[in-house]
Amino acid sequence: AARTASSVPPATSIRDLAWLYYQAELYGEATILYQQGLDLQPTSLAFRIGLANCLFKRTKYDDALPLYRQAEAEPYLETSVYQQGLCYYYLGKYDTAKTCLRRALLIDTANIGAHYNLGLTLMDLEDYPEAVRSFENAIRHSRSDIITSSYDRIGVAQYELKKTNAALAAFRRSIEENPRNSRAYYDMGVLYENLGDDRTKALECYRKVVSIEKPSD
């Protein structure tokens, strides 16, 4: 027999509605519903991870962290560990973020986001050689937008390591991947400007940034 609306369990209705609110980026409303669902089913990992994701989207990282820790079980193990890494990163706790992101990569070595965000974390820790390796791993597993950004970040890391030619090569590769990557042009302009004898090239890069970012008529 077909299931009627009245026979749908309240928790199921709450979960489905919460998901719709979340998809619509109405995170406050989704938060309320996921909390109601968790009150009904305190052991539900689905409600716990859903509530944690809402809090994360609302930048309430301290509140999201314990929920992610409590959701460390299949099928949410990788997500919960990875999201903990992001929370710690945004809280400025880079050493702990590094540990969590590496744990996520032990679970899934092809996690593009974990490779990329580990690279960002290592940049903040000024471990530029390891950051380069992380961005290169992101590129190997990656989609186009991550490739573009990873090459740009490799350029910055190589610049910090005083490897000017390697930095320029990375910025150029980023621009090859996306000719409208204003960030790579800007970073390359900064490099040329700091070289001292390449101010003309720096100005060309900055003009390109302005051209790309200029609102269309």
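In case you missed it, the structure is sitting above this.
Residues numbered from 1 in each chain as written. Predicted model: local features only at pLDDT ≥ 70, side-chain atom pairs only at ≥ 80, totals over all residues. Heavy atoms only, no water.

### Digging into the side chain of Asn111
Under the convention used in this document: Helix numbering and strand numbering both begin at the N terminus, where a helix is a DSSP run of H or I of at least 4 residues and a strand a DSSP run of E of at least 2. In protein, a polar contact means a hydrogen-donor-capable atom and an acceptor-capable atom, both N or O and within 3.5 Å, with residues adjacent in sequence counting only if both atoms are side-chain atoms; elsewhere, any N or O pair within 3.5 Å suffices. What makes two residues a contact is simply this: any of their non-hydrogen atoms within 4.5 Å.
If you trace the backbone, Asn111 turns up in the loop between helix H6 (94-107) and helix H7 (112-124). Within the structure, Asn111 has its side chain in polar contact with the backbone nitrogen of Gly113 (distance 3.2 Å). Within the local environment of Asn111, its side chain forms a polar contact with the backbone nitrogen of Ala114, the two atoms lying 2.9 Å apart. Residues within four places of Asn111 in sequence aside, it is in contact with Glu78, Tyr82 and Leu105.

### What to know about the nonpolar core
How we decide: Residues belong to a common nonpolar core when they are buried Ala, Val, Leu, Ile, Met, Phe, Trp, Tyr or Cys residues joined through side-chain atoms within 4.5 Å. A simple rule labels every residue: compare its accessible area, found with a 1.4 Å probe on the protein chains alone, to the largest value its type can have, and call it buried under 20%, exposed over 50%, or partly exposed in between.
Among the nonpolar cores identified, the biggest contains 66 residues, and Tyr34, Tyr68, Cys87, Met123, Phe135, Ile154 and Met188 are the most heavily contacted of them. Each residue touching Tyr34, except ones within four places of it in the same chain, is listed here: Ala18, Trp19, Ala46, Phe47, Gly50, Leu51 and Cys54.

### Considerations on the environment of Thr12
Looking at the element boundaries, Thr12 is found in helix H1 (residues 10-23). Residue class for Thr12 comes out buried when judged on its relative accessible area of 18%. Along the sequence, Thr12 and Leu191 sit 179 residues apart, while their C-alpha atoms lie 55 Å from each other.

### Thoughts on the packing of aromatic side chains
The condition that has to hold: Stacked, tilted and edge-to-face are the three classes applied to pairs of Phe, Tyr and Trp rings, where Trp contributes its six-membered ring and a pair requires centres within 6.5 Å; stacked means planes under 30 degrees apart, edge-to-face means over 60, and tilted covers the rest.
Summed over all chains, the structure comprises ten aromatic pairs. Consider the rings of Phe56 and Tyr90, whose centres lie 6.1 Å apart with planes at 55°: the pair is tilted. Of this pair, Phe56 sits in helix H3 (residues 45-57) while Tyr90 is found in helix H5 (residues 77-90), placing the two residues 34 residues apart along the sequence. Using a relative accessible area of 13% as the deciding quantity, one classes Phe56 as buried. Aromatic side chains Tyr61 and Tyr90 sit 5.2 Å apart centroid to centroid with 20° between the ring planes, which places their arrangement in the stacked category. Placement of the pair is Tyr61 in helix H4 (residues 61-70) and Tyr90 in helix H5, with a sequence separation of 29 residues. The class of Tyr61 is buried, set by a relative accessible area of 14%.

### Things to note about the packing of H3 against H4
For the record, the criterion: Helix axes are fitted to C-alpha atoms over the stretch in contact, other axes to C-alpha atoms as well, and angles between N-to-C directions run from 0 to 180 degrees. In these notes the angle categories are as follows: under 35 degrees is roughly parallel, over 145 is roughly antiparallel, 65 to 115 is roughly perpendicular, and the rest is oblique. Two helices crossing with the near one rotated counterclockwise from the far one by less than a right angle form a left-handed crossing, whereas a clockwise rotation gives a right-handed crossing.
Packing of H3 against H4 brings their axes to within 8 Å, and their N-to-C directions diverge by 155°. With respect to H4, the axis of H3 lies roughly antiparallel. Where H3 crosses over H4, the handedness of that crossing is left-handed. On H4, the residues that touch Leu45, Arg48, Ile49, Leu51, Ala52, Asn53, Leu55 and Phe56 of H3 are Tyr61, Asp63, Ala64, Leu67, Tyr68 and Gln70.

### Let's talk about the packing of H5 against H6
Pairs of packed helices are described in terms of their axes, by the angle between the two and the distance that separates them. Applicable threshold: Ten residues, namely Ala, Val, Leu, Ile, Met, Phe, Trp, Tyr, Cys and Pro, are considered nonpolar, four, namely Asp, Glu, Lys and Arg, are considered charged, and the remaining ones, Gly among them, are considered polar.
It is the contact of H5 with H6, at a shortest axis distance of 8 Å, that shows an interaxial angle of 160°. Here H5 is positioned roughly antiparallel relative to H6, judged by the angle of their axes. With respect to the hand of their crossing, H5 and H6 are arranged in left-handed fashion. Taken together, the residues of H6 that come into contact with H5 (itself represented by Leu77, Glu78, Val81, Tyr82, Gln84, Gly85, Tyr88 and Tyr89) are Tyr94, Thr96, Ala97, Cys100, Leu101, Arg103, Ala104 and Ile107. Residues belonging to the contact of H5 with H6 are distributed by class as follows: eleven nonpolar, three polar and two charged.

### Side note on the side chain of Thr148
Topologically, Thr148 is positioned in helix H9 (residues 144-160). Its relative accessible area of 8% is what places Thr148 among the buried residues. Setting aside residues up to four positions removed in sequence, Thr148 forms contacts with Ser174, Glu177, Asn178 and Asn181.

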